[in-house]
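Coordinate inspection notes
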Amino acid sequence: MPRTAARYLYLARHAEATPDESGLTEAGRRQAVLLGERLRGVPLAAVHHGPLARAEQTARLVGEQLDGVPLRRSEVAGDYVPYTPARAELPPEAADALLAFLARVPAEEKERGPGLAAAALAAFTGPVAGDEPRHELVVTHNFLVGWLVRAALDAPRWRWMGVDHANAALTVIRYAPGRPSSVLLFNDSGHLPAELRWTGFPPELHV
């Protein structure tokens, strides 16, 4: 039987974007640099990033703090709705609010999302072939972080909703052979000073 080793998946939501989402704010650029500095000691094999400017720019700034780690553009690391639930799947008390949110998402995004979400699971999760553990960073968006975290916890498919992630915060998931996946770290912003934490969240959700 082929040998497999653990995969350590590092997930980061892109840094703070400008209002038109065409790039990063000055605070976002600082966040990305600090995230890269935090990851300097990690033996990353690659930094994958979504195709949109805010993810690409975050990944580039992170990569500049690392030593020769390749950057890889990935469509499956993009911004999309990974799964659209039916009302019957949702808790009755939350169904109206969740479905109203999804109704604001363009139909094209909802149509292509499930295929991309399945491809993301295939590309980024599970143990890896060989004897050596692999460490990879994916710079992505809030929805995909939620999708991968809920999958790691074997939660229902709709439960990517409500799993929210701050800009440039860090989540780490371990996929070890013969063991259930483990969320080692979630939404950690210890590398950011107080004034750069919790961006991407409304004020009432700052902790």
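Please refer to the structure placed before this passage.
Residues numbered from 1 in each chain as written. Predicted model: local features only at pLDDT ≥ 70, side-chain atom pairs only at ≥ 80, totals over all residues. Heavy atoms only, no water.

**With respect to the side chain of His14**
As for its position among the elements, His14 is in the loop between β2 (7-13) and α1 (26-38). For His14, a relative accessible area of 6% corresponds to the buried category. A distance of 3.3 Å separates a polar atom in the side chain of His14 from a polar atom in the side chain of Arg54. Ignoring any residue separated from it by four or fewer positions in sequence, one finds His14 in contact with Arg54, Ala55, Thr58, Val139, Thr140, His141, Asn167 and Ala168. (Helix = DSSP H or I, 4+ residues; strand = E, 2+ residues; numbered from the N terminus. Buried < 20%, exposed > 50% of the residue type's maximum accessible area, 1.4 Å probe, protein only. Polar contact = N/O pair within 3.5 Å; in protein donor to acceptor, adjacent residues only side chain to side chain. Contact = heavy atoms within 4.5 Å.)

**A closer look at the sheet that holds strand β4 (residues 71-73)**
With respect to topology, 6 strands assemble into an open sheet ordered β4-β3-β6-β2-β7-β8, the strand pairing being mixed. This sheet does not close on itself; its edge strands, each paired only once, are β4 and β8 (182-188). Sheet twist, expressed as the mean angle between neighbouring strand axes with direction ignored, is 20°. Inspection of the sheet shows strand β3 (residues 44-49) paired to strand β6 (residues 134-140) by 5 bridges, in the parallel sense. The residue of β6 that forms the bridge with Leu44 is His135. Lying over the sheet, helix α4 (residues 107-124) contacts β2, β3, β6 and β7 (170-175), oriented at roughly 135° with respect to β2. (Pairing = 2+ DSSP bridges. Axes fitted to C-alpha atoms, helices over the stretch in contact; angles between N-to-C directions.)

**Examining the pairing of β6**
Burial of β6 is extensive: 6 of the 7 residues sit out of reach of the surface. Taken together, the 7 bridges between β2 and β6 define a ladder with parallel strand orientation. Residue Leu9 lies in a different strand from β6, and its bridge partner there is Glu136.

**What about the nonpolar core?**
Leu9, Leu11, Tyr80, Phe124, Trp147 and Trp160 are the most contacted members of the largest nonpolar core, which has 30 residues in total. When residues of this core are traced back to their parent elements, those giving at least two are β2, α3 (92-103), α4, α5 (142-152) and β7. Among the elements that line this core, the one with the most residues is α5, at 7 residues. Those residues in contact with Leu11, other than ones at most four positions away along the chain, are Leu137, Val138, Val145, Leu148, His165, Ala169, Leu170, Thr171 and Ile173. Core analysis: the next-biggest nonpolar cluster, separate from the first, contains 19 residues, Tyr10, Ala59, Val62 and Leu170 among them. (Core = buried A, V, L, I, M, F, W, Y, C linked by side-chain atoms within 4.5 Å.)

**Observations regarding α3**
The terminal C-alpha atoms of α3 lie 17 Å apart, and with 12 residues this matches the ideal 16 Å at 1.5 Å per residue to within 8%. Along α3, the positions that sit buried rather than exposed are Ala95, Leu98 and Leu102. Angularly, the buried residues of α3 cover 85° about the axis, an arc narrow enough to put them on a single face. In α3, the exposed positions that point more than 90 degrees away from the buried face belong to Glu93, Asp96, Ala97 and Ala103. Buried residues in α3 make contact with α4. (Expected span 1.5 Å × (residues − 1). Arc of directions from axis to C-beta.)

**Comments concerning the packing of α4 against α5**
At their nearest, the axes of α4 and α5 sit 11 Å apart, and the two run at 50° to each other. The orientation of α4 with respect to α5, classified from their angle, is oblique. As α4 packs across α5, the resulting crossing turns out to be right-handed. In this structure, α4 uses Glu109, Ala117, Ala120 and Leu121 to contact α5, whose residues at the interface are Phe143, Leu144, Trp147, Leu148, Arg150 and Ala151. (Parallel < 35°, antiparallel > 145°, perpendicular 65-115°, else oblique. Left-handed = near helix turned anticlockwise from the far one by under 90°.)

**Section: the environment of Leu52**
Tracing the sequence through the fold places Leu52 in the loop between β3 and α2 (53-64). What makes Leu52 partly exposed here is its relative accessible area of 34%. Separated by 38 residues in sequence, Leu52 and His14 have C-alpha atoms that sit 9.8 Å apart.

**Section: the side chain of Arg13**
As for its position among the elements, Arg13 is in strand β2. Polar contacts involving the side chain of Arg13 include one to the main-chain carbonyl oxygen of His165, which spans 2.7 Å. Beyond its immediate sequence surroundings of up to four residues, Arg13 is in contact with Thr140, His141, Asn142, His165, Ala166, Asn167, Ala168, Ala169, Thr199 and Gly200.

**So, α1**
Its 13 residues give α1 an end-to-end C-alpha distance of 19 Å, which sits within 8% of 18 Å, the value for a rise of 1.5 Å per residue. Check the buried side of α1 and you find it contacts β2, α2 and β7.

Taken by themselves, the reported measurements are silent on function.
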